[in-house]
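Each chain, letter by letter, is given below.
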Amino acid sequence: MQVPIVYVHGFIGHFDFAELREGLDASRVISPALLGYGEHASRMAYGLADQVSHLAQVISATFGTEPVVLVGHSGGAAVCVEFAATHPGQVAVLVSAEGNLSPSDAFLSSRLAPMTPDRVQAWLDHARVDPSGFCARERMSLLGQALERLREWLHHQSAPVIHTMARSLLIETVHPRYASVVMQVMTRIPTYLIEGALSEVALGAPPRLRALAQGIVRIPDAGHLMILEQPLAVAAALRALLSPDGSSITHPAPSSALG
């Protein structure tokens with residue numbers, strides 16, 4: 001029986017795409033909405049701890065005490081890290097899909113968090129009107145269905161939710177405590193990294209974390225928003241992680257080779 005898989009979205013969008021379940025037992029895959037999103041739009045979260053508590057309730061209600069594979073994208077990976085730190089027995093594997101594992105990963109939240117609510121609303125309104133322009137400004141390239149899904153993502157949550165999550169992610173992930181938690185979790189729980197081959201170099205996990213990873217999967221022709229660009233490839237990466245031979249997974253060089 002397939003180990004349960006729990007996708008955790010970032011502070012913009014959702015993971016409710018059929019392609020992310022391709023080749024997997026769909027009955028054992030969930031993509032819950034975090035507080036402030038989708039069906040939980042009326043329930044605001046004020047910190048990562050709120051999201052962790054919410055995620056724990058969802059996982060318990062769906063899979064009981066069975067350990068799960070946590071897959072966190074962008075800011076969602078920070079929620080996964082904190083969940084793994086507080087509920088280590090419930091996490092069989094942690095997967096960071098371009099997740100916020102270090103301060104440099106908070107590239108968008110670091111810009112949005114200091115803004116006033118009105119400026120965040122204006123930023124979101126502008127992005128909604130011109131998703132292509134938003135991509136250009138963020139040095140991303142999305143076309144066709146991926147661009148339409150980005151448009152959907154931008155309308156999926158309110159500006160106050162984006163602002164609150166950006167502030168929470170920035171405050172909590174730049175604190176020295178978070179770096180220590182990430183190291184402890186990756187040492188204790190098998191952790192894999194999924195990267196977009198087109199992502200900016202600065203957004204990748206630093207050498208010390210890459211050395212702790214059990215394996216790294218690179219998604220061709222995809223950047224940070226791999227979930228929109230190559231969802232089938234993300235599902236294939238997870239199938240490889242769960243397969244006995246771990247095909248398509250590369251293992252990091254020893255830490256000494258990484259400097």
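Above this note sits the structure.
None of these values were measured; they are calculated from a predicted model.

**Regarding the pattern of salt bridges**
According to the stated counting rule, one finds 6 salt bridges in the structure shown. Residues Arg149 and Glu19 are paired through a salt bridge, measuring 3.1 Å at the closest nitrogen-oxygen approach. On the criterion of sequence distance, the pair formed by Arg149 in helix H6 (residues 144-154) and Glu19 in the loop between strand S1 (5-8) and strand S2 (29-30) is long-range, its members being 130 residues apart. The burial state of Arg149 is the same as that of Glu19; both residues are buried. Close ionic contact of Arg28 with Glu66 constitutes a salt bridge, the shortest N to O distance being 2.4 Å. Of the two residues, Arg28 sits in the loop between S1 and S2 while Glu66 sits in the loop between helix H1 (48-63) and strand S3 (68-73), which places them 38 residues apart along the sequence. According to the relative accessible area criterion, Arg28 is buried, its value standing at 10%. Salt bridges here are not isolated pairs; linked through shared partners, they connect Glu195, Arg210 and Arg218.

**Some words on the nonpolar core**
Counting residues in each nonpolar core, the largest one holds 85 residues, and the members touching the most others are Val6, Tyr7, Phe11, Leu70, Val95 and Leu150. Beyond its immediate sequence surroundings of up to four residues, Val6 is in contact with Ile30, Pro32, Leu55, Ile59, Phe63, Val68, Val69, Leu70 and Val71.

**Concerning the packing of H1 against helix H2 (residues 75-86)**
Orientation of H1 relative to H2, taken along the N-to-C sense of each, is 70 degrees, at an axis distance of 9 Å. The pairing of H1 with H2 is recorded here as roughly perpendicular in orientation. Here Leu48, Gln51, Val52, Leu55, Ala56 and Ile59 of H1 come into contact with H2, specifically with Ala78, Val79, Glu82, Phe83 and Thr86. A breakdown of the residues in the contact of H1 with H2 according to their chemical character gives 8 nonpolar, 2 polar and 1 charged.

Conventions we followed
Residues numbered from 1 in each chain as written. Predicted model: local features only at pLDDT ≥ 70, side-chain atom pairs only at ≥ 80, totals over all residues. Heavy atoms only, no water. Salt bridge = Lys/Arg side-chain N within 4 Å of Asp/Glu carboxyl O. Helix = DSSP H or I, 4+ residues; strand = E, 2+ residues; numbered from the N terminus. Buried < 20%, exposed > 50% of the residue type's maximum accessible area, 1.4 Å probe, protein only. Core = buried A, V, L, I, M, F, W, Y, C linked by side-chain atoms within 4.5 Å. Contact = heavy atoms within 4.5 Å. Axes fitted to C-alpha atoms, helices over the stretch in contact; angles between N-to-C directions. Parallel < 35°, antiparallel > 145°, perpendicular 65-115°, else oblique. Nonpolar A, V, L, I, M, F, W, Y, C, P; charged D, E, K, R; others polar.

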